[in-house]
Amino acid sequence: MSSPAFAIPPDLTRDTGLWPGDGPIRYGGDEHKRLFCKTLLDTFDPYRPAVLDWPKLGEEAEKRITALPIWDIAVQTENRAGLNVCTYAEGVPDPLLRKAIELNGFEERRHRHVLANLVEAYGIKLAPEPVYERPKDPEWAFMVTGYSECIDSFFAFGLFAAAKNTGYFPPELVDTFEPVVKEEGRHILFFVNWMAWHRRNMPWWRRPYFELKVLAVWLFLIWERIGIASDVSNGQQDNNFTVTGASQLGADIDVGELIAICVSENDRRLEIYDRRLKRPHFVPFMARQTLRVMAALKFLGPKKQKVAA
């Protein structure tokens, strides 16, 4: 299939149980599951891509938007993510968890339609889409999608904020696209809590293999991003906004400033959710360590010579 159909969202009118109380929760327990599932389900935004009002842009703004080399891979990534998540949901026996993962998959596919409508509105030409094969290992595909979103969303939050603050994205376009960015925050929050719950509820004999699988996912994603960076250095078109986005903003912003914005935006977008939920840790931690190293190198750098009186 060249393009997964735009699915109908799960039935959210049926009772999904009570919210956990205000006290501490045990990660991996039933209250933890209800908390992260209901957070995703109860914050669902029922917007329809077909009725989003894409603003008319000025000539310069439209040139900047249409010149961004991200649209082909963005559409393909959302298509693949939707297929991966929905395929994994098919094998989940728990009714509440399955409903939440189905909603996650629906929203991934809806992102694809938002992007498709955007490129149509501004006359952006897309390359033909590949054939999307159902994943042979649904758990692996779900984890690749989840961890990939944890990486990409962290940088996308900062790049989106920088583009907004510098005027690279017109305010009207920012407002129209905001629901998609907000959903990415919900998705990574759901995923890291699913990982914590899933780990604690699998048989002990499966855990060593599962941890090797997690390591393999991270190695795959690192290899994938090294490949992207290599394509950029060889002058090939790159469609990953988290790699090329900073150079496209046309603003006087260095790497350290961009990383700091990413950290701040990641914290801001996730702080609105229940404090008991786990947050993505690895990418923000590495970003903060990078900022510390950069600050130390700047402090230890060559000192300016004092001018003799």
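Here is a short report on the structure shown in this document. (Residues numbered from 1 in each chain as written. Predicted model: local features only at pLDDT ≥ 70, side-chain atom pairs only at ≥ 80, totals over all residues. Heavy atoms only, no water.)

A few words now on the overall build of the protein chain. Summing up its helical and strand segments, the protein chain has ten helices and zero strands in all. Ordered by position in the sequence, the α and β elements of the protein chain form the string α-α-α-α-α-α-α-α-α-α. Taking all 309 residues of the protein chain together, the buried fraction comes to 50%. Here the contacts in the protein chain between residues at least 6 apart in sequence split such that 83% fall between residues at least 24 apart. (Helix = DSSP H or I, 4+ residues; strand = E, 2+ residues; numbered from the N terminus. Buried < 20%, exposed > 50% of the residue type's maximum accessible area, 1.4 Å probe, protein only. Contact = heavy atoms within 4.5 Å.)

With that settled, the discussion passes to the packing of aromatic side chains. According to the stated counting rule, one finds 16 aromatic pairs in the structure shown. Considering the side-chain rings of tyrosine 88 and tryptophan 194, the 5.6 Å spacing of their centres and the 80° angle between planes classify their relative orientation as edge-to-face. Here tyrosine 88 is found in helix α3 (residues 71-89), whereas its partner tryptophan 194 is found in helix α6 (residues 171-200), with 106 residues between them in sequence. The pair formed by tyrosine 88 and tryptophan 194 is uniform in burial state, with each residue classed as buried. Arranged with centres 6.2 Å apart and planes meeting at 65°, the rings of phenylalanine 160 and phenylalanine 169 form a pair that is edge-to-face. As far as burial versus exposure is concerned, phenylalanine 160 and phenylalanine 169 are alike and both buried. A network of ring pairs unites the aromatic residues Tyr88, Phe142, Tyr147, Phe191, Trp194, Trp218 and Phe282 as a single cluster. Sitting above the plane of the tyrosine 47 ring, arginine 110 keeps its charged end 3.7 Å from the centroid. (Phe/Tyr/Trp six-rings, centres within 6.5 Å; stacked < 30°, edge-to-face > 60°. Lys NZ or Arg CZ within 6 Å of the ring centre and 35° of its normal.)

Our focus in this paragraph is the pattern of salt bridges. The final tally for this structure, using the stated rule, is 19 salt bridges. Residue arginine 98 pairs with glutamate 102 through a salt bridge whose shortest N-O separation is 3.2 Å. Separated by four residues within a single helix, arginine 98 and glutamate 102 lie in helix α4 (residues 95-121), roughly one turn from each other. On the basis of relative accessibility, which here comes to 30%, the residue arginine 98 falls in the partly exposed class. (Salt bridge = Lys/Arg side-chain N within 4 Å of Asp/Glu carboxyl O.)

Further remarks concern the packing of α3 against helix α5 (residues 138-166). Put simply, α3 and α5 touch, their axes get as near as 8 Å, and they point 135° apart. Our classification of the angle between α3 and α5 gives oblique. α3 and α5 meet at a crossing whose hand is left-handed. Touching Ala81, Asn84, Val85, Thr87 and Tyr88 of α3 are Pro138, Glu139, Ala141, Phe142 and Thr145, all from α5. Across the contact of α3 with α5, the residue classes tally to six nonpolar, three polar and one charged. (Axes fitted to C-alpha atoms, helices over the stretch in contact; angles between N-to-C directions. Parallel < 35°, antiparallel > 145°, perpendicular 65-115°, else oblique. Left-handed = near helix turned anticlockwise from the far one by under 90°. Nonpolar A, V, L, I, M, F, W, Y, C, P; charged D, E, K, R; others polar.)

Bringing the packing of α3 against α4 into the picture now. Two packed helices can be described by the angle between their axes and the distance between those axes. Interhelical geometry of α3 versus α4 gives an angle of 160° and a closest axis separation of 8 Å. When the axis of α3 is compared with that of α4, the two are roughly antiparallel. As α3 packs across α4, the resulting crossing turns out to be left-handed. Along the lines of polarity and charge, the residues of the contact of α3 with α4 split into 15 nonpolar, five polar and six charged.

Bringing α5 into the picture now. Taking 1.5 Å per residue as the helical rise, α5 with its 29 residues ought to reach 42 Å, and the 41 Å between its terminal C-alpha atoms agrees with that figure. Of all the bends in α5, the largest measures some 25° and sits at aspartate 152. For α5, a buried count of 22 out of 29 residues is recorded, marking the element as mostly surrounded by other parts of the structure. Backbone geometry just downstream of α5 places glycine 167 in the positive-phi region, at approximately 85°. (Expected span 1.5 Å × (residues − 1). Bend = angle between axes of the 7 residues up to and from the residue.)

Right, let's get into the side chain of glutamate 139. You can see glutamate 139 is positioned in helix α5. Polar side-chain contacts of glutamate 139 include one of 2.9 Å to the side chain of arginine 206. Look past the residues within four positions of glutamate 139 in its chain and what remains in contact with it is Tyr88, His198, Arg206, Phe210 and Lys213. (Polar contact = N/O pair within 3.5 Å; in protein donor to acceptor, adjacent residues only side chain to side chain.)

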